[in-house]
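# Architecture at a glance
The primary structure of each chain is shown beneath.
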Amino acid sequence: MSTVSSNHQSVIDVRQIAPRERHPLIFQTFDSLAPGEAFVLVNDHEPRPLYYQFLHERSGQFAWNYLEQGPEVWRVQIERMAP
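Residues numbered from 1 in each chain as written. Predicted model: local features only at pLDDT ≥ 70, side-chain atom pairs only at ≥ 80, totals over all residues. Heavy atoms only, no water.

## A short note on unusual backbone geometry
Cut-off, in case you're wondering: Helix numbers and strand numbers start at the N terminus; a helix is a DSSP run of H or I with at least 4 residues, a strand a run of E with at least 2.
Omega for the bond connecting G70 with P71 falls within 30 degrees of zero, at 15°, which places this linkage in the cis form. By the secondary structure assignment, P71 is in the loop between β4 (62-69) and β5 (74-80).

Right, dumping it as structure tokens:
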């Protein structure tokens, strides 16, 4: 995993992480954020299943903003919203 902090925003590159370990890491990172903080997820495929998991498990708690949409790299900013 590559984690880089840029302008107080972490970048988590999960492309080299085993698929079964990706979502737990992403949710752990999200849960550690304060409201208003965000991180950028870098992935090698469309993270739509992750988006739906966020909708189910963290409904109303996040903002999802695509920064890059493939075809080889997807970058998504995921922000923790105020409760």
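## Brief notes about the packing of aromatic side chains
Which entries qualify depends on this criterion: Pairing of aromatic side chains here covers Phe, Tyr and the six-membered ring of Trp, requires ring centres within 6.5 Å, and sorts the geometry by plane angle: under 30 degrees stacked, over 60 edge-to-face, intermediate tilted. Throughout, exposure labels follow a simple rule: accessible area from a 1.4 Å probe, protein chains only, divided by the maximum for the residue type, with under 20% read as buried, over 50% as exposed, and the rest as partly exposed.
Evaluation of the coordinates by the stated rule reveals eight aromatic pairs. Ring centres of F54 and F62 lie 5.1 Å apart, and the angle between their planes is 50°; this geometry places the pair in the tilted category. You'll find F54 and F62 in the same group, each marked buried. For the ring pair W64 and Y66, a centre distance of 6.1 Å and an interplane angle of 80° mean the geometry is edge-to-face. Looking at W64, the relative accessible area reads 16%, which means it is buried. Assessed through its relative accessible area of 22%, Y66 is described here as partly exposed.

## Describing the environment of E46
To keep things clear, this is the line we draw: We call two residues contacting when some pair of their heavy atoms lies within 4.5 Å. N or O atoms within 3.5 Å of each other form a polar contact, as long as, within protein, one can give a hydrogen and the other can take it, and as long as residues adjacent in sequence are counted only when both atoms are side-chain atoms.
Residue placement: E46 occurs in the loop between β3 (38-43) and α2 (48-57). In this structure E46 comes out as partly exposed when scored by relative accessible area, which is 25%. Sequence spacing of E46 and S32 is 14 residues, and the spatial spacing of their C-alpha atoms is 24 Å. Discounting chain neighbours no more than four positions away, the residues touching E46 are Y66 and W74. At 2.5 Å, the side chain of E46 forms a polar contact with the side chain of Y66.

## Brief notes about the pairing of β4
Our working rule: In this scheme, strands are said to pair when DSSP sees at least two bridges between them.
Pairing between β4 and β5: seven bridges, direction antiparallel. The residue of β5 that forms the bridge with N65 is Q77. Two successive antiparallel strands, β4 and β5, enclose a turn made up of four residues, where G70 displays a positive phi of approximately 65°.

## A short note on the environment of I78
Its place among the elements puts I78 in strand β5. For I78 and I26, which are 52 residues apart along the polypeptide, the C-alpha to C-alpha distance reads 9.7 Å. Leaving out residues up to four positions away in the same chain, I78 has contacts with F30, L33, E37, A38, F39, L41, F54, A63 and W64.

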